[in-house]
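# Fold and geometry: a report
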Amino acid sequence: MNRRPTVKAGVVASVGALLVVVGTTAQAGWLFVLAAGVLGLVASGALSWHRLGGATVTRSAPARAQVGDLVPVDVVIRNDSRRRLPVMRLEDRIPAFEDLVALCEGIPPGAVSTANLPRRAVQRGVFDAGTVQLITAAPLGLLRTRRQVRVDSRVIVHPALIDVDGFPLPETPALTADEALAVARAGNGDVFAGVREYRPGDQRRWIHWRSTARTGRLVVREHEEPARSPVVLVAAGVGEHADHAASVAASIGLLALRSGRPLHCAGHGRFGEHVEDATSQSLLDWAAALEPSESRAEDAVEASFRRWGRRCAFVFVESVPGATRSAVMLARRRGAGVQVAFAGPEEPVG
Amino acid sequence: MIEWIRRANAPKPPEDSLPLRMAVLGAVFTGVLALYFAEAVATSSLTRNLVLLWIGYWFSYVYRHPAPWKWIVKIFLTVGAVFALMQFFQSLKTLQTVDEARFPLATLFLSVQVLHGFDLPARKDLNFSLGSSLALMAIAGTLSQDSTYGIFLVLYFGFVMAALTLSHRSELATGATGLVVPDHQPLPTKPPIPWGDIGRAALPVALCGALIFMLVPQSIASQYFSLPFSLGSGLGSSAGGGIMNPGGDSGSRSGGAGYYGFDDRMDLSVRGDLSDDLMMRVRSSAPSMWKGIVFGTYDGRAWEGADEESATPAGDLPPYEYPPEFRSLGPRARITQTYYVETEQPNVIFAAGQPDTIWYEGGVSVDALGGVRTPSTLTPGTVYSVVSTRGSASIEELRTLPKEDPPEALQQYLQLPESLPDRVVRLARRITADATTDVDKVTAIENYLRANYEYSLDSPVPPLGQDAVDHFLFDADVGFCEQFASATAVMLRSLGIPARVVAGYAVGERNTFSGYYEVRASDAHAWVEVWFPRYGWYEFDPTFAIPAAEGGLERSIPLIAAIDALRRMVSSAGPLGKAIAGAIAAAVLAFVSWFAWRALGRRSPSKRRRRRALPEAGPVTAAFRRFEDALAARGEARAPAETAGEVVARTARFHGDTSRAALRVFEIERYGPLPPREEDVNEAVDELERLARVVRETP
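Below you will find a few notes about this structure. All values derive from a computational prediction rather than experimental measurement.

## As for the sheet that holds strand β5 (residues 265–267) of chain B
Residues and elements named next belong to chain B. Taken in spatial order, the three strands make up an open sheet running β5-β9-β8, and their pairing is antiparallel. Each having just a single partner strand, β5 and β8 (297–298) make up the two edges of the open sheet. Both β8 and strand β9 (residues 302–304) contribute to a ladder of two bridges, which runs antiparallel. In the strand pairing of β9, T297 is matched with E304. Contacts from helix α13 (residues 481–494) reach β5, β8 and β9 within the one sheet, and its direction differs from that of β9 by about 70°.

So this is what it looks like as structure tokens:
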């Protein structure tokens, strides 16, 4: 809680003191009365000791929103004190939304005021809390009290989507029969192909426990390669244009999903490095949480091959031209289909 | 600094609040009306300015948004301001005193206020206008002498509080996108006027203002560069060398408003009443008797003043200096006074004690006894000022003065009529038999008269042929100020102490707010001056007390004066009065203590305990209570002084000390500034429920 006299109070007090001096010099008794009244304004301001600590503030917002959406956000102030809360200025600042500034009328003890003004989501990201500031200098504007509270309310704001309909999704050719025998067919296809012995590099979740128990050796499942190669969305080198990169990545990801392609996402974010078998929501959540990072795109490629097999098709989203060049070359050397989407200040370039 | 100036002068958003504009206009109107009632503004000027102010405020509101043609208005206003300033400087040339500058200053401030009224687009401009309205009120305050100004003051502060409240709301609402009201209230269609807030602010402002008024020292400066004086409505009737008393009426003590004693002769046989008409207002740095006429010769029936022909001019131009031959020496206290004549007065300059410097426009002369006269009577509206001194030596200091024969010039103040009966002299000697010094003799006579004689305006008239003082002392035993003063002076003269009777006005009633002493016809008074070697003339009053020449804090701090008056009132009251006063004092003290307690946000310990015991509506707290109940059912109830942490630690055998997280959530919910997270609450409730179950089920 921060309390301090306003500039206006200083001016009024100075004028009051000046009137005392003038009253003394001019022998004018009424000036002492006038001065006392003026100083009385300031003194009564000091007596109006606002107890904003009695206000309990909560915020309720939709769990998810998209940049540009107008969403209902409720800020609720409950007066838990025994005294009336004065008229206040309510400032709700959470980076997800436009700031809310409202004039809040006095709240009687035990009453609740709700600021339910629709607000536009302006910032992609995952937000856990924001600050709510209550300011008042009631009634005369001479002693200002300011209380700032942290109000928790988790909001995931998805990036704005852009038109990427013409973006060519890459395709990785299917394995030849010989190649299929040479590699672990740990594909993501839905069709169960059989089991085989464990090889180094296989993931633990592929282990077929019943066969392992029966044989006493580690046995893993094999699935058919999917009919269409999965798209791996790699956001790397996004730098300062992370928001635009997230928009581009989310839009391309949705395009891939609409095209019926399995989708995996790779990139540093609040929800981890990878999202496997992304759905629309998990894709948008991943894009919302995407953060600039120092991790190399090549590492993402290697990890993708390890996790999702050889038949990945990569879409690299970069906002610094050439930032993913070595990763692109690596993927191409492995025979993967590759597309690079530039997410600088301009429109994405395929 | 430049950035600050730029920011301060940056265009501000237009102020849309019409109530705020009305409140500011109300304050300005009140200021203008106060000036009018203080006679600083003529009726024609008042009407013109009120209309212009109204038009200006309307114009400012309608055209509050920025417009390209606004510069024309600004040029018009600038030219107007320059013109008003030129007029102000022009009017300064005709002024005689600095004091008179208040009138052109009022006109200038009013002009500026009117001009500024046309350019009030933003809240900042309205605030400025509100502030400058204070200048109008201040000037009116310096000119107001009666309580009428108080009405404007109350009205003005009403508007000021409304304007400040509305201005603050406007400030809070700057940039706001909406209005939030308590959930059960409907959203107003237009911004509400916060009557409740204004009303709630009024009482603390009034209380604080009253307290500050009582505490702020109201010391009046006693040094001036220039004191006010003016003839008001012009010269009165010519006095022709003597004293012309417009209220005098031969054969009667009172001629309507006037007192017959302000004449060349004061006849002790005259009786009658005095009216309560206001004679004059006196602005003075200290209370005093306002002396006008000095009487030197007593003929057994009346006192005679100085000869008509004896008055000599005191100078050519004001300020006039009092002749040195009449001046007293020794320790003196300076008093500065300004007299505002309300009813026509005799051609006499009243002054506290001995006038040193006189500011009067029509010329003054000093008679043979030191009285100051003017050529003609003083008409209503006349203003004059006097800087004077009064002897400030204490009784102890006067006792130490050596006994000296009075000089030749003072022999006239030992004059007594040959017909004065010896019994008067014998009485004087008898009364002062134990007194060794002159001052003790004066005090003894004063005390004797106060103790043995009654005061009455209807005292018997002395029969023809009998000495008036002898009749008062031995036959009537009743008299008023003239008899008391005459008896004192005559007895002192009979003891060889120079003494004289002087006439004038008593202090009058001081208006607490305006600070002026309001002197009425009934305050007309006569008292005594006694001469002391080396120190000169000192005032004594056997009828009433004369204000001390030098005062204490009670003269400047109203609270001390009020307490002092209260103390005197209580000390003179009977046992019942004292008991009532004690009860009232106790009640006031209790109220002040209660108010201070509330203001400081403290509560009594019992209330504090009760508040702490109030259960907070929280699911974790409720679950913890159920856990406590389960413990109580086992005979392991929580002790009053036991903390929740101690309870959890004591019962670790039930939960293996795994309930620390739940305890933490309980503490956050109970004592934390913010409620705990919902998921933490759920986990804590589950854990505490489980714990309660374990406690109940464990054998």
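After that view of the structure, there is still more to cover.
## Overview of the pairing of strand β5 (residues 88–93) of chain A
Residue and element names in this part refer to chain A. Most of β5 is tucked away, with five of its six residues classed as buried. Once β5 ends, the chain turns through six residues before running back antiparallel as strand β6 (residues 100–104). Sheet analysis places β5 next to strand β8 (residues 125–136), joined by five bridges and oriented antiparallel. Bridge pairing in β8 links R89 to I135.

## Digging into the sheet that holds strand β18 (residues 383–391) of chain B
Residues and elements named next belong to chain B. Taken together, seven strands build an open sheet; the order of strands is β11-β14-β18-β12-β6-β23-β22 and the sheet is antiparallel. Of all the strands in the sheet, the pair left with one neighbour each is β11 (320–321) and β22 (509–510). The sheet contact formed by strand β14 (residues 354–359) and β18 spans five bridges and is antiparallel. Residue pairing in the sheet places P355 in a bridge with S388 of β18.

## A look at the nonpolar core
The nonpolar side chains of a soluble globular protein tend to be buried with one another. Ranked by size, the top nonpolar core spans 93 residues in total, and within it B:W290, B:L473 and B:M491 carry the most contacts. Top contributing element to this core by residue count: α13(B), with eight residues. Apart from the residues lying within four places of it in its own chain, the contact partners of B:L473 are B:V424, B:L427, B:L449, B:Y453, B:A487 and B:M491. Core analysis: the second largest hydrophobic core is formed by 68 residues, A:A35, A:L39, B:F152 and B:I212 among them.

## Here's the deal with the packing of helix α3 (residues 43–62) of chain B against helix α5 (residues 102–116) of chain B
Residues and elements named next belong to chain B. It is at 8 Å that the axes of α3 and α5 come closest, and there the two elements cross at 25°. Between α3 and α5, the interaxial angle falls into the category roughly parallel. The residues of α5 that touch α3, namely those facing S45, N49, L52, L53 and Y57, are L110, Q113 and V114.

## Describing the environment of A:V340
The topology assignment puts A:V340 in strand β16 (residues 338–342). It is 5.9 Å that separates the C-alpha atoms of A:V340 and A:V317, two residues lying 23 residues apart in sequence.

## Some details on helix α1 (residues 7–26) of chain A
Helix length check: α1(A) (20 residues) gives 28 Å between terminal C-alpha atoms against 28 Å at 1.5 Å per residue, within 8%. Every buried residue belonging to α1(A) is among A:K8, A:A9, A:V12, A:G16, A:L19, A:V20, A:G23 and A:T24, and all of these are buried. Projected down its long axis, α1(A) carries its buried residues within an arc of 160°, all on one side. Counted as exposed and oriented over 90 degrees from the buried face of α1(A): A:V7 and A:L18. Those residues of α1(A) hidden inside the fold are in contact with β1 (2–5) and α2 (29–47) of chain A together with α6 (123–143) and α7 (148–172) of chain B. With its phi angle positive at about 55°, A:Q27 sits one or two positions after the end of α1(A).

Reading the values: the criteria
Residues numbered from 1 in each chain as written. Chains lettered and ligands numbered in written order. Predicted model: local features only at pLDDT ≥ 70, side-chain atom pairs only at ≥ 80, totals over all residues. Heavy atoms only, no water. Pairing = 2+ DSSP bridges. Helix = DSSP H or I, 4+ residues; strand = E, 2+ residues; numbered from the N terminus. Contact = heavy atoms within 4.5 Å. Axes fitted to C-alpha atoms, helices over the stretch in contact; angles between N-to-C directions. Buried < 20%, exposed > 50% of the residue type's maximum accessible area, 1.4 Å probe, protein only. Core = buried A, V, L, I, M, F, W, Y, C linked by side-chain atoms within 4.5 Å. Parallel < 35°, antiparallel > 145°, perpendicular 65-115°, else oblique. Expected span 1.5 Å × (residues − 1). Arc of directions from axis to C-beta.

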